[in-house]
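Close look at the chain arrangement
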Amino acid sequence: MQAGEHAGSGQVFRAVAAAVASVQERKPDTAPLVLDVGGGSGAWAVPLARLGCAVTVVDHSPNALAALQRRAREAGVAELVTAVQGDVDALADVAPTAGFDLVLGHGLLEVVDDARAAVAALAAACRPGGTVSVLVSGRLAAVLARTIAGKLTEALALLSDPEGRLGDRDGVRRRLDVEPLRALLTDAGLEIELLQGDGVLESWVPGSVREEGSAAAGLVTELEALGAAEPGLLAIAPRLHALGKRP
């Protein structure tokens, strides 16, 4: 699983970086310990290592882990990144229980067999007072995107299926809505600190506008920052991002 290949928007990274900064304030003499489950080739791990985190990436793909190590070396943070072959289904076998200040499960819930068990495993790896970060594909955005593209049969299938699948041929096991995501975290004993959209408005900006230069890019960034937490827009975010604190 190469869940970490999509590092989300700046809005998501800022939220994760703020969680790291909180740990650094509480424990200024030690590197925050981060676990990235399904972290792929390090799209999240390397930037977090640059912030001073010691990051363990668990992924079942040896090719992805090899790419991660190359990426970490090129970024000069190889000593802060540890690659471990494994899977969320047996996370306790490769990562210590309650051993991490921050646990990432980005792009993970779409591909696992049991989303509830996966979130429980993420929560179990997190220390009391630590944070679990989950980034997952949104169901209604997928419906809207296919409707706009004129793929009405696919849009109907996604809207009709409770887990937002296109049937057995769909490589994604589920796309989530806001309330099911909230329930997954709270059922795992996590207290939700943040629930925001990723690409809420940015994803719908026409390519022609993106090509207009830095002024347009700045407006897109500002628009996304305001829209990310807007309740009325959250439901149609292409990706949903949640931070949950372990009591």
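Preceding this section is the structure that the text describes.
Computed from a prediction, not measured in an experiment: that's the story for all the values here.

**Quick look at the overall build of the chain**
What the chain contains, in helices and strands, is ten helices and seven strands. The C-alpha atoms of the chain give 18 Å as radius of gyration, which agrees with the globular expectation for 247 residues (18 Å, within 12%). Expressed along its principal axes, the backbone C-alpha trace of the chain runs to roughly 50 × 40 × 35 Å. For the chain, the residues scored as buried account for 46% of the 247 residues in total. For the chain, the proportion of contacts with a sequence separation of at least 24, taken over those separated by at least 6, is 74%. Carbon and sulfur atoms form 54% of the exposed surface of the chain, whose accessible area is close to 11200 Å². Side chains of the chain carry 22 positive and 31 negative charges; the gap between the two charge centres is 1 Å.

**Describing helix 3 (residues 62-75)**
The first and last C-alpha atoms of helix 3 sit 20 Å apart over 14 residues, in line with the 20 Å expected at 1.5 Å per residue. Within the span of helix 3, buried status applies to Ala 64, Leu 65, Leu 68 and Ala 72. Buried residues along helix 3 cover an arc of 95° about the axis, so they all sit on one side. Opposite the buried face of helix 3, by more than 90 degrees, sit the exposed residues Asn 63, Arg 73 and Glu 74. One or two positions beyond helix 3, positive phi appears at Gly 76, with a value near 75°.

**Looking at the pairing of strand 1 (residues 33-37)**
Side chains on a regular strand alternate between the two faces of the sheet. For strand 1, the tally of buried residues reaches four of five residues, placing the bulk of the element in the interior. Two elements, strand 1 and strand 2 (residues 54-59), share five bridges in a ladder whose sense is parallel. Opposite Val 37, over in strand 2, you have Val 58 as the bridge partner. With helix 2 (residues 45-50) bridging strand 1 and the parallel strand 2, this β-α-β connection has right-handed handedness. In terms of strand pairing, strand 1 meets strand 4 (residues 100-106) through three bridges, oriented parallel. Residue Leu 35 lies in a different strand from strand 4, and its bridge partner there is Val 103.

**A short note on the nonpolar core**
Ranked by internal contacts, the top residues of the largest apolar core, which has 35 residues, are Leu 35, Leu 91, Val 103, Leu 109, Leu 181 and Leu 185. Where this core is concerned, the elements lending two or more residues are strand 1, strand 4, helix 4 (115-125), strand 5 (126-137), helix 7 (178-187) and strand 7 (239-245). It is helix 4 that provides the largest number of residues to this core, a total of seven residues. Beyond its immediate stretch of four places on either side in the chain, Leu 181 contacts Leu 109, Val 134, Val 136, Leu 176, Leu 195, Leu 240 and Ala 242.

**Topic: the packing of helix 5 (residues 139-148) against helix 6 (residues 152-160)**
Look at helix 5 against helix 6: their axes get within 8 Å of each other, and the N-to-C directions meet at 165°. Classified by the angle their axes make, helix 5 and helix 6 are roughly antiparallel. The two elements helix 5 and helix 6 cross, and the hand of that crossing is left-handed. On helix 6, the residues touching Arg 139, Leu 140, Ala 142, Val 143, Arg 146 and Thr 147 of helix 5 are Leu 152, Glu 154, Ala 155, Leu 158 and Leu 159. Classifying every residue of the contact of helix 5 with helix 6 gives seven nonpolar, one polar and three charged.

Conventions adopted
- Every chain is numbered independently, its residues counted from 1 as its sequence is written.
- Residues qualify for local features only when their pLDDT is at least 70, as the model is predicted, and side-chain atom pairs are given and counted only at 80 or more; totals for whole chains, interfaces and linings, by contrast, use all residues.
- With hydrogens and water excluded, all non-hydrogen atoms of the structure serve as input to the side-chain values.
- Secondary structure elements follow DSSP: runs of H or I no shorter than four residues count as helices, runs of E no shorter than two count as strands, and numbering proceeds from the N terminus.
- Note that the radius of gyration is over C-alpha atoms, with the globule rule given as 2.2 Å times the number of residues to the power 0.38.
- Throughout, exposure labels follow a simple rule: accessible area from a 1.4 Å probe, protein chains only, divided by the maximum for the residue type, with under 20% read as buried, over 50% as exposed, and the rest as partly exposed.
- The contact rule is simple, with two residues in contact once any of their heavy atoms fall within 4.5 Å.
- Accessible areas in this description were obtained via Shrake-Rupley with a 1.4 Å probe; residue shielding takes into account the shown protein chains only.
- Neither His nor the chain ends is counted toward charge; the positive residues are Lys and Arg and the negative residues Asp and Glu.
- The atom standing in for a charge is NZ when the residue is Lys, CZ when it is Arg, CG when it is Asp and CD when it is Glu.
- The span expected for a helix works out to 1.5 Å for each residue beyond the first.
- Comment: arc refers to directions from the helix axis out to C-beta atoms.
- At least two DSSP bridges between two strands are required for those strands to pair.
- Here, the term right-handed applies to a crossover whose path from the first strand over the helix to the second runs clockwise when the strands point away from the viewer.
- Grouping buried Ala, Val, Leu, Ile, Met, Phe, Trp, Tyr and Cys residues that are joined through side-chain atoms within 4.5 Å yields what is termed a nonpolar core.
- Note on method: axes are straight lines fitted to C-alpha atoms, helices fitted across the in-contact stretch only, with angles between N-to-C directions ranging 0 to 180 degrees.
- Here the word oblique covers every angle except those under 35 degrees (roughly parallel), over 145 (roughly antiparallel) and from 65 to 115 (roughly perpendicular).
- A crossing counts as left-handed when the near helix is turned anticlockwise from the far one by less than a right angle, and as right-handed when that turn is clockwise.
- Each residue gets one label: Ala, Val, Leu, Ile, Met, Phe, Trp, Tyr, Cys and Pro are nonpolar, Asp, Glu, Lys and Arg are charged, and the others, such as Gly, are polar.

Purely geometric stuff here, so don't read any function into it on its own.
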